[in-house]
Every structure is written in C-alpha cells, then in structure tokens.
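# Tertiary structure, described
The lines below spell out each chain.
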Amino acid sequence: MTLQQEIVGNAMQMAVVSLEPGQTVYCEAGKFLFKTTNVTMETRLTGPSNGQQPQGGSTPGGGVGGGMGGMLRQAMGTAMQVGQRVLAGESIAFQYFTSQGGEGTVGFAGVLPGEMRALELDGTRAWFAEKDAFVAAESTVDFGIAFQGGRTGMKGGEGFVLEKFTGRGTVIIAGAGNFIDLNPADFGGRIEVDTGCVVAFEEGIQYGVQRVGGLNRQGLMNAVFGGEGLSLATLEGNGRVILQSLTIESLANALKKAQGGDKQGPTGGLFSTNTG
C-alpha cells in the first residue's frame, strides 16, 4: 500500500499524509503536527520491526507471548534499540498513527527551516541520512542506526552515526535550506562536500572524510580562514546524493552573531571558540 503524501510550504515545509483505513505511519517524537480525529496515536520505544505483536498475544508453539523467554528477548531487543538511539543522540521513542474507520490525515514537519523529501524504497537499496533527518515513514520501512568508523566519525563533524532506512515504502526526511540532488558518477565518480551539507545518500555510495589540503601554508589558510575546518566529506560511487544549502553550525553561528554572542572572531574555522 503506497503512502499518499504531499509536501507543502516553502521556507518551512511540512508533509501532509493521507492514510487509508488501517494504514500506519510512524514518526520520531517531536515531528508530529496535526491529525484528524479518526487517527489513533500510540507512543512506543520500538521501531516497526520490533515489538509489533500486541500484548497478550500468543505465538505458535509457545504460550502467551512465547512465555518468559519471549518477553525477555523482546525486552532485550527494545533495550538495544533504545540504547543505539541514545548513543546517536536521537529521540528514544516513536509515535505511530493509524487510521480507523475511514481515511485519515496526519501532518509532520522537521525542526529547521528548509526542505523535505519523500524517498521511495523498493527493498533493493538502503538509504542513509544525517542525524535528525528522519521525519516519518510508513510501517513497512525499518529505521536503524549505522555506526561509521571511529576515525571517520571523529573527523566528520556530523558525528559517527547515520540513520539507516531499509525495507519497502516511503520515508520522509528533512534538512536545512534548499536541497540539491547529485550523482558522483556525473562528476568523475567523486565529490567533496562540507561535512555539514550531507543530508542523505543511497546504499552503494562510499562516504569518507579527508583533510582539506596538506599540512602546508595553503592547507592551513584553508582551515583557518576558509571556515571549513580541517576536513571535507567525500562521496564516491554511482547513486543518488542529497545535499543541503544550510548547515546547522552556520545557522547557529548566525543566530549567535545576531544576538551579540559570536565567539569565533574574524577568522572562524580552526580558531573558533564556539563549544555549543
């Protein structure tokens, strides 16, 4: 069952989802806007691939809920999911919306001024996204956490954790500013990007981080005066990449400057004293 959705708005977009009777969509806590009265809302600690069985249900070959062993396995699975999301800095809960007795409508939005995008998964390729990009998805899409290599994550600026979406169906993501879709294959197979501009990319794209120039005069000039720090993200391969025109760091710095709290000084970049 295809998720019927429409993305509306300009500077701060939102997704309006139309649900068929019995259809379910879920979102990260804090991304819900509105719903019609015939849409039920339930908050769970688990994603759609875990803990779906109603409490008190029976399982084949086992008593209620698979007995004590089944409940223990379910509890351990829930704890692992929650633990991963806590490490990633994500919300620990999801909200589920199901239409009852007819068609229903639910609205969702991101948390920053910018665009939203609906991605269609066909089960053959996963999608990866930056932290906090996830807005909502139909229940046939699984939400997971992908841990990048320690060195890549420590240098990458966006952390060492990515959101991962698998399965079949529609997932809605959001970012800051405007989006641009690129394929590294159209640019010689590789592009270099500000680490804060990566929103999402398809499975098959190789993501890495490299130093900006060498440890020489020009490399130091780039890092100190260019405002990019010492690293750039690299994206290689043949597949779809979504970038955003506004980074969270630049938005935060602009707001601090407007409030008279800019601590970066004239050079920014390497000499930034902003720790917030």
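Summary of the structure given here. Numbering of residues begins from 1 in every chain and follows the order in which that chain's sequence is written. In view of the model being predicted, local features appear only for residues whose pLDDT reaches at least 70, and side-chain atom pairs are presented and counted only at 80 or more, with totals across whole chains, interfaces and linings using the full set of residues. Values shown for side chains rest on all heavy atoms present in the structure; no hydrogens or waters enter the calculation.

## Let's talk about the overall build of the protein chain
Quick note on the threshold: Each helix is a run of DSSP H or I of at least 4 residues and each strand a run of E of at least 2, with the numbering of both proceeding from the N terminus. Summary of the burial criterion: residues with accessible area below 20% of their type's maximum are buried, those above 50% are exposed, and those between are partly exposed, where the area comes from a 1.4 Å probe applied to protein chains only. In what follows, residue pairs with any heavy atoms lying within 4.5 Å of each other are defined as contacts. Every accessible area reported is derived by Shrake-Rupley at a probe size of 1.4 Å, with residue values counting cover from the shown protein chains alone.
The helix and strand tally for the protein chain stands at four helices and 20 strands. When the 276 residues of the protein chain are sorted by exposure, 42% land in the buried category. The long-range fraction of contacts in the protein chain, counting pairs at least 24 apart against all pairs at least 6 apart in sequence, stands at 79%. Carbon and sulfur atoms make up 55% of the accessible area of the protein chain, which totals about 14100 Å².

## Digging into the sheet that holds strand β16 (residues 190-193)
The cut-off we apply is this: Two strands pair if DSSP finds at least two bridges between them. Angles here are taken between N-to-C directions and fall from 0 to 180 degrees, while the axes themselves are lines fitted to C-alpha atoms, restricted in helices to the stretch in contact.
Strand order in the open sheet formed by three strands is β16-β19-β18, and the pairing between neighbours is antiparallel. For this open sheet the edge positions go to β16 and β18 (206-211), each flanked by a neighbour on one side alone. Across this sheet, the average inter-strand angle for adjacent strands is 30 degrees, counted without regard to direction. In this structure, β18 lies alongside strand β19 (residues 231-236), joined through six bridges in antiparallel fashion. Within β19, the residue paired with V209 across the bridge is A233.

## Observations concerning the pairing of strand β14 (residues 161-174)
Counting buried positions along β14 gives ten out of 14 residues, so the element sits mostly inside the fold. In this sheet, β14 lies alongside strand β11 (residues 127-129) in antiparallel orientation, the contact comprising three bridges. Each residue of the ladder has a partner; that of W127, found in β14, is F165. The pairing of strand β12 (residues 134-138) with β14 spans three bridges and is classified as antiparallel. Directly across from A137, in β14, lies its bridge partner V171.

## Concerning the environment of G110
Within the secondary structure layout, G110 lies in the loop between β9 (104-109) and β10 (116-122). With 23 residues separating them along the chain, G110 and A133 place their C-alpha atoms 7.7 Å apart. Setting aside residues up to four positions removed in sequence, G110 forms contacts with M12, K31, M116, V135 and A174.

## Focus: the sheet that holds strand β1 (residues 4-8)
Read across the sheet, four strands follow the order β1-β2-β9-β4 without closing on themselves; strand pairing throughout is antiparallel. Of all strands in the sheet, those bounded by a partner on one side alone are β1 and β4 (32-35). Averaged over all neighbouring strand pairs, the angle between strand axes comes to 20 degrees, with direction disregarded. Alignment of β4 against β9, held across three bridges, turns out to be antiparallel. By the bridge assignment for β9, F32 is matched with F108.

## Section: the nonpolar core
This is how it is decided: Residues grouped as a nonpolar core are buried Ala, Val, Leu, Ile, Met, Phe, Trp, Tyr and Cys residues, joined through side-chain atoms within 4.5 Å.
Ranked by size, the top nonpolar core spans 21 residues in total, and within it Y26, F134, F165, V171 and I173 carry the most contacts. Contributing elements (two or more residues each) for this core: β8 (94-99), β10, β11, β12, β13 (141-147), β14 and β17 (198-202). The biggest single contributor to this core is β14, with four residues. The residues contacting V171, other than those within four sequence positions of it, are R117, A118, L119, L121, F134, A136, A137, V141 and F165.

## Things to note about the side chain of T24
To keep things clear, this is the line we draw: Pairs of N or O atoms are called polar contacts if they sit within 3.5 Å, as long as, within protein, a hydrogen donor faces a hydrogen acceptor (for residues adjacent in sequence, only side-chain-to-side-chain pairs).
Looking at the element boundaries, T24 is found in strand β3 (residues 24-28). The exposure class assigned to T24 is buried, which follows from its relative accessible area of 16%. Among the polar contacts listed, one links the side chain of T24 to the side chain of T98, at a separation of 2.7 Å. The residues contacting T24, other than those within four sequence positions of it, are Y96, F97, T98, E138 and S139.

These figures come from the coordinates and say nothing about function on their own.
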